[in-house]
Amino acid sequence: MTQENKIPFLDLITPHLELEEELVSVFRQALTKAAFVGGAAVENFERNFAGLCEVEYCIGLNSGTDAVRFALMAAGVQAGESVITVPNTFIATTEAISQAGALPEFVDIEEQTYNMNPEKLREYLQTACDTDQKTGRPISRRTGRTISAIVPVHLYGQPADMDAILQLAQAHNLAVVEDACQAHGAEYFSRKLGRWRKVGSMGQAAAFSFYPGKNLGACGEAGAVTTNDAGVAQKIRMLRDHGQAKKYFHDMEGYNGRLDAIQAGLLQVKLPHLTKWNQQRRERAAKYNRLFEKAGNTVITPFEPSWSRGVYHLYVVRTKDRNELIAFLNERGIGTGIHYPIPLHLQKAYASVRNVWGHLPVTEKVAGEILSLPMFPHLSVEVQVRVVEACADFARTTDEVTV
Ligand SMILES: *Cc1c(COP(=O)(O)O)cnc(C)c1O
């Protein structure tokens with residue numbers, strides 16, 4: 001297998017070469033103005049990203065992890081409380097909950113969408129919790145903690161079923177912070193409101209990451225919170241900047257969580273291309289689906305509910321012979337990933353609280369079967385054909401073994 005013949009899991013080079021001149025000029029501008037942190041470049045990007053998400057406010061930050069943490073803190077999560085999320089996500093989701101002083105508690109996912117199962121959420125709130133008579137909030141019987149927020153994750157670029165989640169949140173007086181770190185530009189059709197809503201506009205606040213591999217990536221670390229709540233926005237502006245609204249007047253302790261001007265400028269160059277790149281990802285996903293169907297559906301392809309317009313941050317298939325398939329594809333120079341191989345509740349980092357969470361059977365089952373195939377806007381049809389042919393060839397070899 002020659003280097004040229006290899007199929008990367010992700011191509012982060014081509015989109016940057018296409019925009020090289022514009023990107024480089026951002027550096028030159030920053031150097032001539034010595035504008036490195038905050039300032040007009042950050043405000044400009046914040047305004048435009050808020051526009052994309054159809055929200056009033058966007059606050060640029062240094063990472064998606066801090067975006068989740070600050071959003072939770074600004075939404076009122078207090079130390080000692082619990083926050084409900086899913087075990088099938090990147091650990092940043094639960095790190096941010098812990099860093100906000102709360103304990104993550106888990107509900108299981110839906111087997112088809114891999115996102116939070118609203119029925120499991122309902123069951124947890126109604127059968128595993130008592131109600132605090134003063135606040136109406138659930139108190140987890142497992143932990144004795146008050147639950148104050150829910151963090152649905154729009155995993156792989158597909159929106160979680162927000163109507164049901166928001167309704168349960170309202171009934172139980174819970175804040176909702178969307179983890180939209182993989183879903184820039186995705187849309188959700190609210191049957192309740194009868195219209196499409198942008199991911200990032202549905203909770204009290206939403207967190208985005210601009211880590212280089214995300215659908216909208218900086219050339220380094222960056223993140224943001226979006227919200228329609230002026231108070232939340234103001235609190236996050238203070239949290240990111242040492243708790244000050246005015247220089248050296250610290251109303252509280254905060255963090256150094258600001259967005260670099262250079263990263264904001266680079267993101268601003270890339271932002272006008274996001275909708276087109278997302279559309280290209282959707283087309284690549286549809287093409288994969290058709291190719292797999294023609295090849296006899298040797299793997300389970302992603303399911304997209306009618307109310308979802310996902311942005312395919314990842315194209316995730318499922319098969320029982322996942323590890324063997326990875327080795328087979330690797331032999332043919334095809335890069336793959338697993339998102340994620342070990343559910344969070346089974347990670348070593350959480351060994352001390354594992355007994356609190358118990359079993360989450362759907363997550364545990366799919367973690368051994370999910371496989372992320374090459375997916376990026378510049379993926380070519382020829383390459384997709386090779387990937388699907390390789391999966392079909394693999395299926396034939398395993399058939400022969402079992403016959
Ligand atoms: C990437 C990611 C984060 C964290 O973002 P960083 O910018 O890397 O800190 C949080 N949640 C999810 C689901 C992510 O994919």
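Residues numbered from 1 in each chain as written. Predicted model: local features only at pLDDT ≥ 70, side-chain atom pairs only at ≥ 80, totals over all residues. Heavy atoms only, no water.

(A) Looking closely at the packing of helix α6 (residues 118-127) against helix α7 (residues 162-171). The interhelical angle for the contact between α6 and α7, taken along N-to-C directions, is 15°, at an axis separation of 9 Å. Here α6 lies roughly parallel to α7, going by the angle between them. As for how α6 packs across α7, the hand of that crossing is left-handed. The segment α6 lies against α7, with P118, L121, R122 and L125 engaging A164, I165 and L168. Of the residues belonging to the contact of α6 with α7, the class tally is 6 nonpolar, no polar and 1 charged. (Axes fitted to C-alpha atoms, helices over the stretch in contact; angles between N-to-C directions. Helix = DSSP H or I, 4+ residues; strand = E, 2+ residues; numbered from the N terminus. Parallel < 35°, antiparallel > 145°, perpendicular 65-115°, else oblique. Left-handed = near helix turned anticlockwise from the far one by under 90°. Contact = heavy atoms within 4.5 Å. Nonpolar A, V, L, I, M, F, W, Y, C, P; charged D, E, K, R; others polar.)

(B) Fine view of helix α11 (residues 322-331). Within the sequence span of α11, burial applies to R322, L325, I326, F328 and L329. Take α11 and look down its axis: the buried residues cluster within an arc of 165°, on one side only. Facing away from the buried side of α11 by more than 90 degrees, the exposed set consists of N330 and E331. Positive backbone phi, approximately 75°, marks G333, located one or two places after α11. (Buried < 20%, exposed > 50% of the residue type's maximum accessible area, 1.4 Å probe, protein only. Arc of directions from axis to C-beta.)

(C) Seen up close, the domain arrangement of the protein chain. The domain architecture assigned to the protein chain consists of domain 1 (14-273) and domain 2 (274-402). On the domain 2 side, the residues contacting the 53 residues of domain 1 number 37 residues. Its largest share of buried area at the contact with domain 2, domain 1 owes to Y156, N215 and H273, together 18% of the area lost on that side. Close ionic contact of E111 with R318 constitutes a salt bridge, the shortest N to O distance being 2.8 Å. In this assembly, domain 1 and domain 2 are joined by 26 residue pairs in polar contact (both at pLDDT 80 or more). Where the side of domain 1 that touches domain 2 is concerned, the elements lending two or more residues are α1 (14-18), α5 (92-99), β3 (103-106) and β8 (187-190). Per-element accounting of the side of domain 1 that touches domain 2 gives the leading share, 4 residues, to β3. A per-class count over the side of domain 1 that touches domain 2 returns 25 nonpolar, 16 polar and 12 charged. (Domains from an automatic or database assignment. Buried area = accessible area lost by both parts, 1.4 Å probe. Salt bridge = Lys/Arg side-chain N within 4 Å of Asp/Glu carboxyl O. Polar contact = N/O pair within 3.5 Å; in protein donor to acceptor, adjacent residues only side chain to side chain.)

(D) Quick peek at the pattern of salt bridges. Scanning the entire structure with this criterion turns up 18 salt bridges. The salt bridge partner of K198 is E54, with a shortest N-O separation of 3.7 Å. With K198 in strand β9 (residues 195-198) and E54 in the loop between α3 (40-53) and β1 (57-61), the pair connects residues that are 144 residues apart, well separated along the chain. Across the pair R332 and D393 runs a salt bridge whose closest N-O atoms are separated by 2.9 Å. You can see R332 sitting in the loop between α11 and α12 (354-357) and its partner D393 sitting in helix α14 (residues 381-402), a full 61 residues away along the chain.

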